[in-house]
Amino acid sequence: MDFEFSVITGSLPALLAGAKLTWIITILGIIGGMVFGVLAGLGRIAGTQSLGEKPQGIFMPISVLVRYLSGFYVEVIRGTPIIVQAMFLYFAFPMLVRLVTDIERFRIEALTAAVITIVINAGAYIAEIVRGSVMSVNKGLLEAGMSLGISRFHLIVHVIGPIAFRRMIPPLGNQFIISLKDTSLFIVIGVGELTRQGQEIMASNFRALEIWLTVAVMYLMMTTVIAMTLRSLERKMKIF
Amino acid sequence: MPGIIEMKNVCKSFGNKEVLHNINFSVDEGEVVVIIGPSGSGKSTLLRCINCLEMITMGELTVDSILIPAERGRIRQIRLEVGMVFQQFNLFPHMTALDNVVFGPRKARKMNKGKATDVARNLLGKVGLAEFENKLPQQLSGGQQQRVAIARALAVNPKIILFDEPTSALDPEMIGEVLDVMKSIAKDSGMTMVVVTHEMGFAAQVGSRLIFMDDGRIIEEGLPGEVMKNPQSERLKDFLGHVKHH
C-alpha cells in the first residue's frame, strides 16, 4: 500500500470543517474558562492578605464561604477526568433534570455540552493559575499602595492585576493548548470536531497513515498559533 | 494639646508572641522622631501600627485625632495623612517614575491628570530626579528608587511620613543622597517624621527626639545628642557600641 497524497487532498474539506469546529469549541471554551477562572481564582483568596486586608464585619463570613465554594469547584473538576465530565453533562445531566423536574424532553446539544465542559474544566485550572500569580505579587506593593490611601479596588485593577497578568501568560498558554487538545475527547459525545472527522474518514477508507498524519499536523498548526499569539503578547508587555 | 500621634498602653501580638509591650508614645506636629534599636525590637511594628498596616491588639492609638481601631473608611483617611517609605522601596515595577508619583494623587486624592502630573514633576525635581521621570524602577539605582518612593509618599500631601529603615537596603555610596533628601524635607517643610534608622548622624543632625527600643519596649527617650552622649541603660550603651564600630 503506497502513501497516497490524493487521500489527503480528498479528505481535506471534511477535516477542515472539523478543525473549524475544534477552533470554535476552544475559543468559546477558553473565553468562558477565563471568566470562571478569574472569579474562582480570586474567590479562593478572597479576604486574605494577597488581596489587601482582612475583611471586617459581615464580609468575614462571606469571604470564608466564597473561598470554600471556589475551592470545592476547583477540587471537584481537577479531581475527575474531563471525559467523565463531558459524558456526565451530555448523558447524565439531562436524566438528572428529568428526574427532579417535570421538563420531559430536556436535553443538551452535543456542541453546547462540549463548550460548557471546556469552560468548566479550563476554569478550574485557570483558577489555580490566577491564584498563584496573584499570590506571587510582592505584598510590599499592596502595602505601599494602601499607605498612600488608595482603595483596594484601584490597587487590584492597576497594580496587582497587570503584574499578575504578565506572570499568568506562560501557564495560560499551557492551559489553552491543553484545552484545544481536550476537544478531541468530544468524539465520545458525537461532536464533529477534527478527531471525529478523521475517525469517520478512516473508518470508510482505512487510510490510517495519511489521515492521522494530516490530523496531527492540523492540531500542531492550531497549537502553534496559540503558542505564538501568547509569545507575542508576552513580548509586548513590559518586563518586570 | 495632644500630639498628632498618641499611643497609650499599646500592645501588639502576633499569635501568642507579644512584640510591643505597653508602649506610651506621643509625637507633636513638626517633630522628627528617630527610633533606633536592635533588630526584632519592635521598631518596624510600631511604625506599621501608626498607619494601620498592623492593627494594635490592646491600648489606645490616635492618629490625626482619629481613634484606632476604626472602620475601613476612617483607616483610608488616616493613611491619606500618613505616608510611608519602605526599606525595599516597593515602587510599582510596571510604572515609570512619574507614574509612580502620579498614581497616589490621582487615585487617592482624585486629582485630575494635569494637576497630578504637575505635582509629581515638581516633587521629582525636588528629589533631584527630574530627568528620570520616564524610567522604570528597574532602570534606576537603589538610591534613585528610594528618592522616587519619597516623592511618591509626599505626593498625596500627608501630614506625617513614616520611614522604615529607608537606607538599610542601599549600597553605602547611595545612603547620603537619600538622607540629604530626608533632611531637606525635615528642614524645609516642617513635616512630621518618624524615622526608624541606624544612621546616628542623621539622628543627631535633624532628630528632635531619639527613642531607643529593645524587646518591644521604649527603653530611653530624649534629645538625640544627650541620649547618644549619656546612655543610661546597659542595653543602649551596648547597642551604641555596636553601631559605632561599623
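Note that the structure is a prediction, hence the values are computed from the model and not measured.

A. Up close: unusual backbone geometry. Residues and elements named next belong to chain B. Cis rather than trans, the peptide bond between Ile68 and Pro69 has omega equal to 10°. By the element assignment, Pro69 lies in the loop between β5 (66–68) and α2 (72–81). Positive phi, normally seen in glycine, also occurs at Phe89, with a value near 65°. Within the fold, Phe89 resides in the loop between β6 (82–85) and α3 (97–107). In this structure, Asn157 is a non-glycine residue whose phi angle is positive, near 55°. Here Asn157 is to be found in the loop between α5 (142–155) and β7 (160–164). Relative accessible area serves as the criterion here: at 59%, Asn157 is assigned to the exposed category.

B. Representation of the sheet that holds β5(B). All names here are of chain B. Spatially, 4 strands are ordered β2-β1-β4-β5 in an open sheet, and the strand pairing comes out antiparallel. Of all the strands in the sheet, the pair left with one neighbour each is β2 (17–27) and β5. Taking each pair of neighbouring strands and ignoring which way they run, the sheet shows an average axis angle of 25°. Sheet analysis places strand β1 (residues 5–14) next to strand β4 (residues 58–63), joined by 5 bridges and oriented antiparallel. Looking across to β4, one finds that Glu6 is bridged to Thr62. Relative to the sheet, helix α1 (residues 43–50) contacts β1, β2, β4 and β5, its axis offset from that of β1 by approximately 120°.

C. Region of interest: the pattern of salt bridges. Inspection of the entire model under this criterion finds 22 salt bridges over all chains. Measuring nitrogen to oxygen at the nearest pair gives 2.7 Å for the salt bridge that ties B:Arg48 to A:Glu143. Of this pair, B:Arg48 sits in helix α1 while A:Glu143 sits in helix α5 (residues 139–147), placing the two residues on different chains. Exposure class is identical for B:Arg48 and A:Glu143. Each is buried. Across the salt bridge formed by A:Glu234 and A:Arg231, the nearest N and O atoms sit 3.6 Å from each other. With A:Glu234 and A:Arg231 both in helix α8 (residues 208–236), this residue pair falls 3 residues apart, about one helical turn. Since its relative accessible area comes to 16%, A:Glu234 is described here as buried.

D. The packing of helix α1 (residues 5–44) of chain A against helix α6 (residues 152–182) of chain A, seen in detail. Residue and element names in this part refer to chain A. Where α1 meets α6, the closest approach of the two axes is 9 Å, and the angle between their N-to-C directions is 140°. It follows that α1 is oblique to α6 by the angle criterion. Where α1 crosses over α6, the two elements pack in a sense that is right-handed. For the pair α1 and α6, contact is made by Thr22, Trp23, Thr26, Ile30 and Met34 and by Leu172, Phe176, Ser179 and Leu180, respectively. Classifying every residue of the contact of α1 with α6 gives 6 nonpolar, 3 polar and no charged.

Rules used throughout
- Residues numbered from 1 in each chain as written.
- Chains lettered and ligands numbered in written order.
- Predicted model: local features only at pLDDT ≥ 70, side-chain atom pairs only at ≥ 80, totals over all residues.
- Heavy atoms only, no water.
- Helix = DSSP H or I, 4+ residues; strand = E, 2+ residues; numbered from the N terminus.
- Buried < 20%, exposed > 50% of the residue type's maximum accessible area, 1.4 Å probe, protein only.
- Pairing = 2+ DSSP bridges.
- Axes fitted to C-alpha atoms, helices over the stretch in contact; angles between N-to-C directions.
- Contact = heavy atoms within 4.5 Å.
- Salt bridge = Lys/Arg side-chain N within 4 Å of Asp/Glu carboxyl O.
- Parallel < 35°, antiparallel > 145°, perpendicular 65-115°, else oblique.
- Left-handed = near helix turned anticlockwise from the far one by under 90°.
- Nonpolar A, V, L, I, M, F, W, Y, C, P; charged D, E, K, R; others polar.

Remember, this is a structural readout, not a statement about activity or role.
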